[in-house]
Amino acid sequence: MTGLPITGATAPVADSTGNWVDRHAPEWSRPYLRLARFDRPIGSWLLLMPCWWAAALAAGMAHDLNHLPLICALFFVGAFVMRGAGCTWNDITDRDLDGKVERTRSRPIPSGQVTARQAAVFMVMLCLIGLAVLVQFNPFAIATGIASLIIVAAYPFMKRITYWPQIVLGLAFSWGALMGFAVTFARLDVVPFVLYAGSIAWVVGYDTMYAHQDAEDDLLVGIKSTALLFGAKTHTALSVLYGISVTLIGTALWLANSGWFAWIGLAVFAAHLASQIVRLDIRNSPLCLKLFKSNRDAGLLLFIGLVADAVVRTMTA
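First things first, this report covers the structure right here in the doc. This is a predicted model, so every value here is computed, not measured. (Residues numbered from 1 in each chain as written. Predicted model: local features only at pLDDT ≥ 70, side-chain atom pairs only at ≥ 80, totals over all residues. Heavy atoms only, no water.)

Quick notes on the overall build of the protein
Then, in step 1: When helices and strands are tallied, the protein shows 16 helices and zero strands.
Then, in step 2: At 19 Å, the protein has a C-alpha radius of gyration in line with the 20 Å of a compact globule built from 317 residues.
Then, in step 3: On the principal axes, the C-alpha backbone points of the protein span a range of 60 × 45 × 35 Å.
Then, in step 4: Here the protein holds 317 residues, and 54% of them are scored as buried. (Helix = DSSP H or I, 4+ residues; strand = E, 2+ residues; numbered from the N terminus. Rg over C-alpha atoms; globule rule 2.2 N^0.38 Å. Buried < 20%, exposed > 50% of the residue type's maximum accessible area, 1.4 Å probe, protein only.)

Shown next as C-alpha cells:
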C-alpha cells in the first residue's frame, strides 16, 4: 500500500467515527480502509448472509458437511474484499454526488484524502484478492461469480435513472444464494433461484430503511431511491417485501425438503423482520441505521437453523 499516496487529511467519515480504523490503523491506511468500509463492516456481513444460507442449505441437500467450514471461510473472505471493491467503485462513480450529501461528503474521495485514480488502483487490488478466493472453486462456480460483476458495475448508476436502485443492489447482494449451490453442486436448479429471489426482496426492504437516512438530501440532489418512492407508505411496503422474502425462502426450504430446524430458523428470521417494521420510524435516522444493521442478526439466526438442519440431515442420511 505504500505505492498508494494519500492526498489531504485523514479525518474520519462523518457517519462512522470512533471505530478501530480511527483508533488503531496506521494513518496512511485509513482512507483505503474507509473506501472498503472496513471501518463499518455491516454491508459485508449482509453480503455474506445469502452465501452462508445457500452453502448450509446445499450441504443439507447433499447430506455432506465435510466442505461446509472451508466454503464458509472462503465466502467470508470473498464477501469482505468484494464488498470493499464494490464500495470503492461506488465511491469513484459517486464522488461528485457524495460531495453534495451531508452524510457522505467526508468520504475519502470527495474530502480529498485520495484521488479517484488511487482508489481505482486499490479497487483492482481487492478484486485480485477476490479472484484468488474464487479460483478455489469449480469452473462453474468461477463463471457464476464473475457474472455478478456486471450487476456490481451497473449499480451505482441506477440511482440516477430509477426509483428502484435497491432492486439492482438486491441482485448483487443476493448473488451468494446462487454461489453456495454453484460451489456445492456445480450447477443451478430451482432451489437456489427461489432462495435468490427471496433474498432480493429482503435486501430491497432493509436498504429502503437505510436510504431513509439520506432521503432529504437525495431529493435535493436528484438521487432516486425506494425510500423516496415509498415515503409515508414505507411500513406497508416493508410488510410486503419482507412477506415476499419469507414466503420465497420458505418455498426454497420446502423444495429442498428441509427439516424442522430450518423452519424454526425461518420463523425466528420472520419474527425479527416483523419487529423491525413495528419499531421503524422513518423520521429517526439513528433508528433507521440501527434497524438496518440488525439484519445481520436476522440473517445469522436463519443460518444457524439451516446449519442445524444440515447436521441432522447428514447424521440421519
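Brief notes about the nonpolar core
Then, in step 1: Counting 74 residues, the largest nonpolar core has Trp 53, Phe 75, Leu 195, Trp 202, Tyr 206 and Phe 269 as its most contacted members.
Then, in step 2: With 15 residues, the top contributor of residues to this core is helix H3 (residues 42-62).
Then, in step 3: For Leu 195, the contacting residues outside a window of four places in its chain are Trp 53, Ala 54, Leu 57, Ala 177, Phe 181, Ile 249 and Ala 252.
Then, in step 4: Judged by nonpolar contacts, the second largest core, of twelve residues, contains Ile 92, Ile 109, Val 114 and Ala 119. (Core = buried A, V, L, I, M, F, W, Y, C linked by side-chain atoms within 4.5 Å. Contact = heavy atoms within 4.5 Å.)

Overview of H3
Because each turn of an α-helix spans 3.6 residues, side chains separated by three or four positions end up pointing in the same direction.
Then, in step 1: With 21 residues, H3 should reach 30 Å at 1.5 Å per residue; the first-to-last C-alpha distance of 30 Å fits that figure.
Then, in step 2: Looking at the residues trailing H3, positive phi occurs at His 63, about 55°. (Expected span 1.5 Å × (residues − 1).)

Points about the state of the cysteines
Then, in step 1: Tallying each qualifying case throughout the model produces zero disulfides.
Then, in step 2: Of all cysteine sulfurs, the one in Cys 51 lies closest to Cys 72, which takes part in no disulfide; the gap is 9.3 Å.
Then, in step 3: For Cys 72, a relative accessible area of 9% puts it in the buried group.
Then, in step 4: Between Cys 127, a cysteine without a disulfide, and Cys 87, which holds the nearest cysteine sulfur, the sulfur-to-sulfur distance is 12 Å. (Disulfide = S-S within 2.5 Å.)

Quick notes on the layout of surface pockets
Then, in step 1: Considering only enclosed or pocket space, the second largest pocket measures out at about 190 Å³ in volume.
Then, in step 2: Surrounding the second largest pocket, 13 residues form its lining, His 67, Leu 68, Ile 71, Val 183 and Thr 184 being those nearest its centre.
Then, in step 3: Of all the secondary-structure elements, those providing two or more residues to the lining of the second largest pocket are H3, helix H4 (68-93) and helix H9 (176-185).
Then, in step 4: Looking at which element gives the most residues to the lining of the second largest pocket, the answer is H4, with four residues.
Then, in step 5: Residues of the lining of the second largest pocket, tallied by class, amount to nine nonpolar, three polar and one charged. (1 Å grid on protein atoms, 1.4 Å probe; cavity = no way out; pocket = protein on both sides within 12 Å on 5 of 7 lines; lining within 4 Å. Points joined across faces, edges and corners; volume = space filled by probe spheres on them. Nonpolar A, V, L, I, M, F, W, Y, C, P; charged D, E, K, R; others polar.)

Looking at the packing of helix H14 (residues 260-279) against helix H16 (residues 295-315)
Then, in step 1: One way to put it is that H14 packs onto H16 with a least axis distance of 7 Å and a crossing angle of 170°. Regarding the angle of H14 to H16, the classification is roughly antiparallel. Between H14 and H16, the residues in contact are Trp 260, Phe 261, Ala 262, Gly 265, Leu 266, Val 268, Phe 269, His 272, Leu 273 and Gln 276 and Asn 295, Asp 297, Ala 298, Gly 299, Leu 301, Leu 302, Gly 305, Leu 306, Ala 308, Asp 309 and Val 312, respectively. (Axes fitted to C-alpha atoms, helices over the stretch in contact; angles between N-to-C directions. Parallel < 35°, antiparallel > 145°, perpendicular 65-115°, else oblique.)

A few points about the side chain of Lys 159
Then, in step 1: When you line up the elements, Lys 159 lands in the loop between helix H7 (139-158) and helix H8 (165-173).
Then, in step 2: A polar side-chain atom of Lys 159 sits 2.9 Å from a polar atom in the side chain of Asp 94.
Then, in step 3: Leave out the neighbours within four places in its chain, and Lys 159 touches Asn 90, Asp 94, Pro 165, Gly 222, Ile 223 and Lys 224. (Polar contact = N/O pair within 3.5 Å; in protein donor to acceptor, adjacent residues only side chain to side chain.)

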